[in-house]
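Each chain, written out:
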Amino acid sequence: MRFGTLDWAPALDHPDLLATGVHAALATWAQQAPDAVGQVLVAEIDPGCADTAEMTEAYDLPLEASANCVLVAGRRAGEERIAAAVVRATTRADVNNVVKRLLDVRKASFLPMDRAVADSGMEYGGITPIGLPADHRILLDPAVGTGRAIIGSGLRRSKIVLPGEVLAAMPGVEVIEGLAI
């Protein structure tokens, strides 16, 4: 499939373009939902264009098709609680209200880059909700759950595109009204 100036191919056919955990998660998900995972496509990009603004410009992709995944953490009673917030690139996650309330913490903050990379097993600029550790909640704004969604692949040198409806149906995803502002 061609979208923008990129040629997209089935993700499971290109494990070299996926972080190890992303490929493993897709393979596991495919056992339960092969039709859904068959709609998950990947394309190679220049790693220097991994950031959303650069990618959309370089590959003639609509900004509103991109979704950003940020890792957020907070503590309650000595327990750390982590969530991935996934919102359209034209918005931002409401970390100080919605995410904080969902995590039931006093303060929620973005994970520092080195910690986000280490915890996720993914490269910065490629972090995606697919393949995150099981203890990370995955919060998805409803706007990401419709139309095409371009997300990370776990690597800076590729991106995934899939129907938002497929992403919203991924195991563990919680669709949260008002997550994006």
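Criteria and thresholds
- Residues numbered from 1 in each chain as written.
- Predicted model: local features only at pLDDT ≥ 70, side-chain atom pairs only at ≥ 80, totals over all residues.
- Heavy atoms only, no water.
- Helix = DSSP H or I, 4+ residues; strand = E, 2+ residues; numbered from the N terminus.
- Contact = heavy atoms within 4.5 Å.
- Areas by Shrake-Rupley, 256 points an atom, 1.4 Å probe, with all protein chains shown as cover.
- Lys, Arg positive; Asp, Glu negative; His and termini not counted.
- Charge placed at Lys NZ, Arg CZ, Asp CG, Glu CD.
- Salt bridge = Lys/Arg side-chain N within 4 Å of Asp/Glu carboxyl O.
- Buried < 20%, exposed > 50% of the residue type's maximum accessible area, 1.4 Å probe, protein only.
- Polar contact = N/O pair within 3.5 Å; in protein donor to acceptor, adjacent residues only side chain to side chain.
- Pairing = 2+ DSSP bridges.
- Axes fitted to C-alpha atoms, helices over the stretch in contact; angles between N-to-C directions.
- Core = buried A, V, L, I, M, F, W, Y, C linked by side-chain atoms within 4.5 Å.

Participant: Run through the overall build of the chain, naming residues and quoting values.
Facilitator: A tally of regular secondary structure across the chain gives six helices and eleven strands. Reported as C-alpha extents along the three principal axes, the dimensions of the chain are approximately 45 × 35 × 30 Å. Taking contacts inside the chain between residues at least 6 apart in sequence as the whole, the part at least 24 apart equals 66%. Working note: accessible area of the chain is about 8,400 Å², and carbon and sulfur atoms make up 51% of it. Where the 16 positive side-chain charges of the chain centre and where its 23 negative ones centre are 10 Å apart.

Participant: For the pattern of salt bridges, give the residues involved together with the corresponding values.
Facilitator: Applying the stated criterion across every chain, the model contains nine salt bridges. We note a salt bridge from D51 to R156, for which the minimum N-O separation is 3.8 Å. Placement of D51 in the loop between β4 (41-44) and α3 (52-58) and of R156 in the loop between β9 (148-152) and β10 (158-163) is noted, with a sequence separation of 105 residues between them. You can call D51 partly exposed: its relative accessible area is 36%. Put simply, R115 and E80 hold a salt bridge, and the shortest N to O gap is 2.5 Å. One end of the pair, R115, is in helix α5 (residues 113-120); the other, E80, is in strand β6 (residues 79-88), and 35 residues separate them in sequence. E80 sits in the partly exposed class, given a relative accessible area of 29%. Shared partners join several salt bridges into a network, and the residues in it are R76, E79, R81 and D104.

Participant: Account for the side chain of R88, naming residues and giving values.
Facilitator: Relative to the assigned elements, R88 resides in strand β6. One buried charged residue, R88, forms no salt bridge at all, with the nearest opposite charge on D141 at 7.0 Å. A polar side-chain atom of R88 sits 3.1 Å from the main-chain carbonyl oxygen of A143. Those residues in contact with R88 that sit more than four places away from it in its chain are E64, A65, S66, A67, A143, V144, T146, G147, R148 and A149.

Participant: An account of the pairing of strand β5 (residues 67-76) is requested, with residue identities and associated values reported.
Facilitator: Of the pairings in the sheet, the one linking β5 to β6 comprises ten bridges and is antiparallel in character. For A73, the partnering residue across the bridge sits in β6 and is I82. Between β5 and β6, which pair antiparallel in sequence order, lie two residues; one of them, A77, sits at a positive phi of approximately 55°.

Participant: Give a description of the sheet that holds strand β7 (residues 109-110) that names residues and reports values.
Facilitator: With mixed pairing, five strands are arranged side by side in an open sheet as β7-β5-β6-β8-β11. At either margin of the open sheet sits one strand with a lone partner, and together these are β7 and β11 (173-175). Two strands pair when backbone bridges link them, and strand β8 (residues 137-140) and β11 are joined in this way by three bridges, in the parallel orientation. By the bridge assignment for β11, I138 is matched with V173. Of the strands in this sheet, β5, β6, β7 and β8 are in contact with helix α4 (residues 95-103), which crosses β5 at around 55°.

Participant: With reference to specific residues and values, describe the nonpolar core.
Facilitator: If you look at the biggest cluster of nonpolar residues, it comprises 37 residues, and the most contacted ones within it are V22, L26, W29, V40, I160 and L162. Elements with a contribution of two residues or more to this core: α1 (20-32), α2 (34-37), β5, β6, β8, β9, β10 and α6 (164-168). The contacts of V22, once residues within four sequence positions are left out, are M122, T128, I130, G131, S153, G154 and I160. Grouped together as the second largest cluster of nonpolar side chains are 15 residues, A83, A93, V99 and L139 included.

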